[in-house]
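# Working through the structure, step by step
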Amino acid sequence: MESKIEELKKIAEEKIKNIQNSQELQDLKVQLLGKKSEISNLLKGLGSLSPEERPKVGALVNKARTEIEEKIEKAEKKIKEKMLEEKIQKETIDITLPGTKIQRGSKHPVNRVIEEIEDLFVSMGYDVISGPELETDEYCFERLNLPQGHPARDMQDSFYITNEYLLRTQTSAVQARAMVANTEKTPIRMICAGKTYRREDDATHSHQFGQVEGLVIDKKERNVSLADLKGTLEIFVKKLIGKNCELRFRPSYFPFTEPSYEVDVSCFKCGGKGCSLCKQTGWIEVLGAGIVHPNVLKINGYDPEKFGGFAFGTGLERLAMFKYGIPDMRYLYTNDIRFLSQFDRKDEE
Amino acid sequence: MKLSTNFLKDYVDIDVDVKQLAEDMTRVGNEYDYAGKLINATKLVIGEIVECVDHPDSDHLHLCKVNIGKEILNIVCGAPNARKGIKVIVALDGAELPGKTIKKGIIRGQESNGMLCSIAELGLEHKFLKPEDSAGIAELGQDAKIGEDPIKYLQMDDGVIDFELTANRGDLLSILGMAYEVGAIYDKPVKKVDLEHKESGEDINKQFSIEVKTENCKKLLVKKVGNVKIEESPTFIKNRLIASGIRPINNVVDISNYVMLELGQPLHFYDADRLGNKLVVRMAEEGEKLTTLDNVERTLSAEDIVIADKTHGVGLAGVMGGLETEVEPDTKNIIIESAIFDSVKIRKTSKKILRSEASNRFEKGIDPERTTMAIERACKLLEEYAGGTVVTGTAKYDVTNNKEKEIDITFQDVNDVLGTVIPNKEILEVFRKLGFTYSVKGETIKVTVPTRRLDISIKEDLIEEVSRIYGVDNIQGKLPVVPMRQGSYDKTQREIRNRMIALGLHETLSYILINDKEVNEYTLDEFEPLKLLDPITEDRNTLRYSMITSLYKIYEYNKSREQKDISIFEIGKGFYKKGEVYGEDTKLCALMTGRYSSGLNNFKNVDFYVIKGVVEEILDYLGYNGRYSFIRKEMPKEIHPGQSAYINVNGTDVGIIGKIHPSVTKDDVYVFEINLDELLKKKVGKMKYKEISKYPSINKDIALVVDKNAVSQNIEKVIKSAGGSLLTNIEVFDIYTGIGIGADKKSIAYSLTFSDMKKTLTDEEVNNLMEKIIEATSKKCGAELRK
């Protein structure tokens, strides 16, 4: 009896070894352990044995059954592994082929610069505001200390629609709007970027261009001063153009500020030695700025004895050109897809 | 303003390199375009031709031996006037002349160690050259010393700075004004102007009268100078005019220009014998004719100021004299006019006729003191350099307020505005350097501003002067000390922009000006287009209303450059007049054509549903989910009527979407435009968490055969209302036409999701709902279940 069981085990082992796939294994399982298998028959036949032999033989048969089961299980695992291995082999692809092109758009360089400026000034407590592009003579000129016949109106040859309406020549118009809109006459800290228009069109001037304008008005006792303007613009220029830029304030003339300055930045291309970009001067003019003219405060409802502050403005195209190394301002308005699509990633910090 | 540094040195004693001077002037607010020498040639020396013979192998060249002091050079020269005994300008080996470098060499076999120069070769502008200056080599006078610098001998060793002055600094349009500015920088006194001259004969007022009939002339002075002899000006006058950019004519005309340059007051000289005995200043008659110096007959308007004699106009005040009374070579007696005309009127007239040195100065404003000074100075120079005799007296008209302005300012004012702690003494130093007088009482300084500084009228102007002369570079930057606050901004536009970019569109920046013929494209809205009064070109004479016009142009531009996949968008403005209201709307516009996405064995071309997907994506993103619909209505003629819709949010049309009409382009180009101002008026609720059902949901697909022209939006509505609250989602997943269903039919397949928040749905419940849905669609839409 014992030898018969051993024999069974041996045959089973032999068969399991030769198994090739899971189907064969399933069949074998039935053959070896199923109801009609020899093991089952042996167990069924236990009843005919003597009570002394019965537990002994029973234990032997059960042991053999367990052993066969374990062998089958092992074989099953091995086959599964083999199948997975085959599946992976079959599914292996050329990972150097390109990924699906998920269309990615791009943000216009001028708007990139606007967003950067807005974020910077919001972080310093300025409000971002906007105003109309179709502006009135009153807000574009009169309220900025540029009465009818003022020679500086010539510097900004304008596109008039009627005697009253024109396309704004400067975002400074928004300064006047901010002051008038503030009926409580409380301090103002604002920044405004947008489109402006002048009646000129050549290689370095576009009839449509972008400007950004900043204005700070506060109580006289807080002394918002030229030194504060300098410090503020230092932060602006270092963020927008480069950490190593030097600033130079050059006295100038604007009707809406007094004193007025033009602000030059040391040439970031040559480092101030002189090159074609800075026309050998080592400096590049970037901003206009100054202390808000008392007339402007007065016209817009702020008492110049009680309030004071500064204003500044700059062209957006030049900033974008400097930042991205764009050689010609006209590229910004041509909207060539091959140009636009270059600005499709995050700006570096 | 071109500044001659030699001229400047008449009035202020400085010894500064011209470039340094230009830089220092820039620091105080006076920018320049050019700073350098009048003559930029190097290695020039005076020589004498000691021998001159014909070149053996040439019919025009000469072989010259030229004594330059240290040695005698052999030089080959082609000038016809080269001859023994004349003093000449020798450019030595290595000399740099404008446009060329001189090198030793062999010319047709003969050694040549330099070049003999003409005046033209020194690099003067063409307009300053006389015929003889380029016809042959320059012949210097016999007093020229061999071996010395010929530029010095010619009195052309001058420096020139071309300033770009700001509009408010009219005072710097004169040498004297520049001298005050330079004097302030280097702390040097300004010398007095020499006005000394004799006067004789009967007083002018007995023989000549003046009358001012307009308030646009505030001051008029007239003097007479007799017996002038017209000839060439002295060299220094000629050269200073040239350095200042003005062409010398003759001594008399040159003196009027010289005084204008020197003192900033334009003068006009009349030939007294052709003028009559009266000068009138009046406004021109409308249509009045006047022939100006340039021999052009001008038609004047009532806005122009005219100088006239008893009967008719003789000059266009402040802009150009009349031809009739011009100073000619035979002129003997001169009437000098020194006046102040209204700057705005002069600007208008000169803009129309001619911008001149004179009009530029009148436009910027004239110091009344200079009016007087200039006429006296002109008399002095005419006496000295034209042999004139000055007639006694001056005919005068003067309604100027010639008082010097007094401005009170405190030391604290200065330091508050500048954010500095400049000591009192240094602030006073600035005023002293500028030549302003002042007195101090306690904390207050009373500053008296000289009449030349027309730009200074309030204390802020004085603060600017302190910052200029003290030096802005000496002011330390800091940040305002103000209460902290939160900066604010509306990020909606930025969010939309970022979303559009994420959806794969490129942002453009287009011009708002278009041709008036294009302004009614892509819209059926009623509005009055806004046209420019004075456009630069007809192509850009009107403000756009629809942005689609702009984007379509960008598409065309790119298409003509072989670009096929174009997905672009822009947020911008459209402008209009509606009724009496002038306005502008912020719009989001997009154009898409070509491939939208691509990959291996897989790409998607833009079609109506792609661009509609973009619109839906934006609307959903902004929180309008479930509140919008697409409505078919009459479309602008540039849009395909079969593939287009109005975008309607809560009952308001906020934009249009569609394919560009095949009559416009054969390509499949899709656009949409949404009026963001209109859209964003529709308020959106807060984003809030909604409970997720804990019970499983059940999906059912249903394919309905409907009429070919049936609209899915309507069927969906019917399904929704029949499905009730348990139907939580509907999606279209297939459209089929063709075999198996009628030719005038289509099948739309929907995937429906049912779920209940409170319990697990049974098959029976869902099947009941499905039956209701089928029944409703059959009744209301004539739909049949596809088998």
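Residues numbered from 1 in each chain as written. Chains lettered and ligands numbered in written order. Predicted model: local features only at pLDDT ≥ 70, side-chain atom pairs only at ≥ 80, totals over all residues. Heavy atoms only, no water.

### Remarks on the overall build of chain B
Of regular secondary structure, chain B possesses 20 helices and 43 strands. Relative to the globule expectation of 28 Å for 787 residues, the C-alpha radius of gyration of chain B, 42 Å, shows a markedly less compact shape. Projected onto the principal axes, the alpha-carbon positions of chain B cover approximately 125 × 80 × 60 Å. Looking at the 787 residues of chain B, the share that counts as buried comes to 52%. Partitioning the intrachain contacts of chain B with sequence separation of at least 6 by distance along the chain shows that 68% fall at a separation of at least 24. Carbon and sulfur atoms form 48% of the exposed surface of chain B, whose accessible area is close to 37100 Å². Positive and negative charge centroids in chain B, built from 111 and 126 side chains respectively, lie 4 Å apart. (Helix = DSSP H or I, 4+ residues; strand = E, 2+ residues; numbered from the N terminus. Rg over C-alpha atoms; globule rule 2.2 N^0.38 Å. Buried < 20%, exposed > 50% of the residue type's maximum accessible area, 1.4 Å probe, protein only. Contact = heavy atoms within 4.5 Å. Areas by Shrake-Rupley, 256 points an atom, 1.4 Å probe, with all protein chains shown as cover. Lys, Arg positive; Asp, Glu negative; His and termini not counted. Charge placed at Lys NZ, Arg CZ, Asp CG, Glu CD.)

### Quick word on the nonpolar core
It is characteristic of soluble globular proteins that their nonpolar side chains tend to be buried jointly. Formed by 79 residues in total, the largest nonpolar core has its most connected members in I117, L233, F236 and F312 of chain A. Dropping the residues within four chain positions of it, F236 of chain A is found in contact with I117, L120, F121, V212, L287, F312, T314 and L319 of chain A. (Core = buried A, V, L, I, M, F, W, Y, C linked by side-chain atoms within 4.5 Å.)

### Focus: the pattern of salt bridges
Within the structure shown, the criterion is met by 85 salt bridges over all chains. The residue R338 of chain A makes a salt bridge to D336 of chain A at a minimum N-O spacing of 2.7 Å. With a shortest N-O distance of 3.6 Å, D171 of chain B and R453 of chain B are connected by a salt bridge. Pair noted here: D171 of chain B is in the loop between β12 (159-164) and α5 (175-186) and R453 of chain B is in the loop between β28 (444-449) and α14 (459-470), with a separation of 282 residues, a long-range link. Overall, the relative accessible area of 11% leaves D171 of chain B in the buried class. Within the structure, one salt-bridge network assembled from shared partners comprises K107, E115, E118 and D119 of chain A together with R494, R497 and E507 of chain B. (Salt bridge = Lys/Arg side-chain N within 4 Å of Asp/Glu carboxyl O.)

### Regarding the sheet that holds strand β39 (residues 669-675) of chain B
All names here are of chain B. Here seven strands make up an open sheet; going across it, the order is β29-β32-β33-β39-β38-β37-β36 and the pairing mixed. Two strands close off the open sheet at either side, each with one partner strand: β29 (506-507) and β36 (628-631). Inspection of the sheet shows strand β33 (residues 581-593) paired to β39 by seven bridges, in the antiparallel sense. The partner of K587 across the bridge, within β39, is N675. Here helix α15 (residues 492-502) sits on the sheet in contact with β29, β32 (566-578), β33 and β39, set at roughly 145 degrees to β32. (Pairing = 2+ DSSP bridges. Axes fitted to C-alpha atoms, helices over the stretch in contact; angles between N-to-C directions.)

### Notes on the interface of chain B and chain A
Of the residues lining the interface, 89 residues belong to chain B; the matching set on chain A comes to 84 residues. Surface buried jointly by chain B and chain A totals about 7500 Å² across both partners, of which 55% is contributed by carbon and sulfur atoms. Interface area lost by chain B to chain A is led by H506, L509 and Y511 of chain B, which between them contribute 10%. At the boundary of chain B with chain A, the tally comes to ten salt bridges. (Buried area = accessible area lost by both parts, 1.4 Å probe.)

### Considering unusual backbone geometry
Residues apart from glycine generally show negative phi values, whereas peptide bonds are mostly found in trans. A cis amide bond, omega -5 degrees, links E258 of chain A with the succeeding residue P259 of chain A. Mapped onto the fold, P259 of chain A is located in strand β7 (residues 257-266). Residue K185 of chain A is not a glycine yet carries a positive backbone phi of 55 degrees. Residues other than glycine seldom take positive phi values, yet Q155 of chain B does so here, at roughly 60 degrees. Within the secondary structure, Q155 of chain B is located in the loop between α4 (150-153) and β12. Exposure remark for Q155 of chain B: the relative accessible area of 39% places this residue in the partly exposed category.

### Points about the sheet that holds strand β20 (residues 305-308) of chain B
Sheet strands pair via backbone hydrogen bonds, and the direction of the pair is either parallel or antiparallel. Residues and elements named next belong to chain B. The sheet built from five strands is open, its strands ordered β14-β17-β20-β21-β22 with mixed pairing. Only two strands of the sheet have a single neighbouring strand rather than two, namely β14 (209-212) and β22 (320-321). Sheet analysis places strand β17 (residues 278-283) next to β20, joined by four bridges and oriented antiparallel. Looking across to β20, one finds that M283 is bridged to I305.

### Some thoughts on the packing of aromatic side chains
Residues and elements named next belong to chain B. A full pass over the atoms with the stated rule returns 24 aromatic pairs over all chains. Consider the rings of F236 and Y258, whose centres lie 6.0 Å apart with planes at 85 degrees: the pair is edge-to-face. Of this pair, F236 sits in helix α7 (residues 235-243) while Y258 is found in helix α8 (residues 251-263), placing the two residues 22 residues apart along the sequence. Owing to a relative accessible area of 1%, Y258 belongs among the buried residues under this scheme. (Phe/Tyr/Trp six-rings, centres within 6.5 Å; stacked < 30°, edge-to-face > 60°.)

### Points about the domain arrangement of chain B
As far as domains go, chain B holds domain 1 (2-38 + 159-186), domain 2 (44-153), domain 3 (199-398), domain 4 (405-468), domain 5 (492-680) and domain 6 (698-785). Distance from the C-alpha centre of domain 2 of chain B to the C-alpha centre of domain 5 of chain B: 72 Å. (Domains from an automatic or database assignment.)

### Focus on helix α2 (residues 18-27) of chain B
Of the residues making up α2 of chain B, those classed as buried are V18, L21, A22, D24, M25 and T26 of chain B. Buried positions along α2 of chain B lie against β6 (247-254) of chain A together with α1 (5-9), β2 (31-37), β12 and α5 of chain B. Two to three positions downstream of the cap, the backbone nitrogen of K19 of chain B sits 3.1 Å from a side-chain oxygen, assigning the N-cap of α2 of chain B to D17 of chain B. Looking one or two residues past α2 of chain B, G29 of chain B carries a phi angle of roughly 110 degrees, positive in sign. (Polar contact = N/O pair within 3.5 Å; in protein donor to acceptor, adjacent residues only side chain to side chain.)

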